[in-house]
There are 2 protein chains.
Amino acid sequence: MMSSVLRIDPKLDLVLEREIDVPVELVWKAWTTPEHLKNWFVPKPWSVTACQIDLRPGGIFATTMCSPEGQEFPNEGCYLEIVPNRRLVFTDALLPGFRPAPKPFFSAVLELEPTARGTRYRAIAIHGDEAARKSHEEMGFYHGWNTVVDQMVEAIKAGG
Amino acid sequence: MMSSVLRIDPKLDLVLEREIDVPVELVWKAWTTPEHLKNWFVPKPWSVTACQIDLRPGGIFATTMCSPEGQEFPNEGCYLEIVPNRRLVFTDALLPGFRPAPKPFFSAVLELEPTARGTRYRAIAIHGDEAARKSHEEMGFYHGWNTVVDQMVEAIKAGG
């Protein structure tokens, strides 16, 4: 087996790892289908009001997050690597079609592995410098990303 | 067939398209093997003094260009998409392992297609804004990228 291309650095990166009791195939579906992703992708009472997914390298991944007061925050990036049921990589450092983005913040790697109980779920946020990592941590990375995993598991169990 | 993810914009991007009389397989080899790439990748009398290639998404693509006076200019980025003998995408907007880079400049797409004569060769430089496109054009994009294609064809014919 080839070594991973990832070069995780605790000074620059944030990692969330958990085991969850839903199968990898449904986690993959929740991450890669707009109507599913909208149900869980941001901590409630925030919501996702728009989502575009073109699941191929350079394809668009865009979401619009909406605050409880109704203010919308669009995010746009593209997918980089797609290994169904195992690995999904995307970034906001490149716009769709691989175009360098004006305000790069982070790349994300989602790694899934089937376990006896369900899925080993690993999400990694990769930043360009310590300031970006710190800012992401202070925005509530651990609490937020854990909350949305709980929401995702709940949505999967509810059949959504 | 799916439409291309590329969204080429003449205000932002630069495109070089030519037909060359060498087969796609050898063009692919020239682009993806350090000892071959070193022979042609920069216009002479500049040279490539180091080259690292890890041909997978997120894998390193690094070259050190050396001026005739001996000054070295290292470049580092990563591969984004690899379709052997057809399509190679890389960027300097992401460092190896998908890490956002401090000074993104462009992404490059190489598209190859077999023809009766040899290869349809298309190289596209994708920039984030007009200033970057303009600067790349003023650095001599068309002359430089054409020169290195000539050098590459010559090196392939010489068996290198």
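From a predicted model like this one, the values you see are computed outputs, not experimental measurements.

Draft legend 1. Looking closely at the relation of the copies chain B and chain A. After a rotation of 180° and a shift along the axis of 0.0 Å, chain B superposes on chain A with an RMSD of 0.0 Å. On this basis, the relationship between the two copies can be described by a two-fold rotation axis. When the interface residues of chain B are mapped onto chain A, 100% of them again fall at the interface, so both copies present the same face.

Draft legend 2. Quick look at the environment of N39 of chain A. All names here are of chain A. Position of N39 among the secondary structure elements: in the loop between α2 (34-37) and β2 (47-53). Residue N39 is classed as partly exposed on the basis of its relative accessible area, which comes to 36%. Residues N39 and R86, 47 residues apart in the sequence, show an inter-C-alpha distance of 21 Å.

Draft legend 3. Just the interface of chain B and chain A, in detail. Between chain B and chain A, the contact holds 34 residues from the first and 34 residues from the second. Regarding the contact of chain B and chain A, the summed buried area is about 2,500 Å², with carbon and sulfur atoms giving 62% of it. Together, R56, F98 and R99 of chain B form the three largest contributors to the area buried by chain B at its contact with chain A, with a combined 27%. Summed over the shared surface of chain B and chain A, the result is 2 salt bridges. Residue R99 of chain B is joined to D13 of chain A by a salt bridge in which the shortest nitrogen-to-oxygen separation is 2.8 Å. Put simply, chain B and chain A have 8 residue pairs in polar contact (both at pLDDT 80 or more) between them. Counting only elements with at least two residues in the side of chain B that touches chain A, the list comes to β4 (72-83), β5 (87-91), β7 (99-100), β8 (106-114) and β9 (119-127) of chain B. Counting residues per element, the side of chain B that touches chain A draws most heavily on β5 of chain B, at 3 residues. In terms of residue class, the side of chain B that touches chain A is made up of 17 nonpolar, 9 polar and 8 charged.

Draft legend 4. Molecular detail of the environment of D150 of chain B. Residues and elements named next belong to chain B. Tracing the backbone through its elements, the reader meets D150 in helix α4 (residues 141-157). In this structure D150 comes out as partly exposed when scored by relative accessible area, which is 42%. Sequence-wise, D150 and P43 are 107 residues apart; in three dimensions their C-alpha atoms are separated by 9.5 Å. Among the polar contacts listed, one links the side chain of D150 to the side chain of R18, at a separation of 2.7 Å.

Draft legend 5. Examining the pattern of salt bridges more closely. For the structure shown, the criterion picks out 26 salt bridges over all chains. The partner of E17 of chain A in a salt bridge is R120 of chain A, with the nearest N and O atoms 2.5 Å apart. Taken together, the residues E17 of chain A in strand β1 (residues 13-20) and R120 of chain A in strand β9 (residues 119-127) connect sequence positions 103 residues apart. By relative accessible area, R120 of chain A is classed as partly exposed at 24%. The salt bridge involving R87 of chain B is made with E81 of chain B; its shortest N-O contact spans 3.1 Å. For E81 of chain B, a relative accessible area of 14% puts it in the buried group. Residues participating in the shared-partner salt-bridge network are E17, E81, R87, E111, E113, R120 and R122 of chain A.

Each value, and the rule that gives it
Sequence positions are assigned chain by chain, starting from 1 and proceeding in written order. Note on labels: chains are lettered from A, ligands numbered from 1, in written order. Where totals are concerned, whole chains, interfaces and linings use all residues; where local detail is concerned, this predicted model gives features only for residues with pLDDT of at least 70, and gives and counts side-chain atom pairs only at 80 or more. Side-chain metrics in this entry use all non-hydrogen atoms of the structure; hydrogen atoms and water are not considered. Alignment of the copies relies on least squares applied to C-alpha atoms, considering only residues that score at least 70 for pLDDT in both. Residue contacts are defined here by distance: any two heavy atoms, one from each residue, within 4.5 Å place the two residues in contact. Segments assigned H or I by DSSP are reported as helices when at least four residues long, segments assigned E as strands when at least two residues long, and all are numbered from the N terminus. Each residue's exposure class comes from its accessible area (1.4 Å probe, protein chains only) as a fraction of the maximum for that residue type: buried when under 20%, exposed when over 50%, partly exposed otherwise. We define buried area as the total accessible area lost by two parts upon association, computed with a 1.4 Å probe and summed across both. When a carboxyl oxygen of Asp or Glu lies within 4 Å of a side-chain nitrogen of Lys or Arg, that pair is called a salt bridge. Whenever two N or O atoms come within 3.5 Å, that pair is a polar contact, provided that in protein one can donate a hydrogen and the other can accept it, and provided that, for residues adjacent in sequence, both atoms are side-chain atoms. All amino acids are sorted into three groups, where Ala, Val, Leu, Ile, Met, Phe, Trp, Tyr, Cys and Pro are nonpolar, Asp, Glu, Lys and Arg are charged, and the leftover types, Gly among them, are polar.

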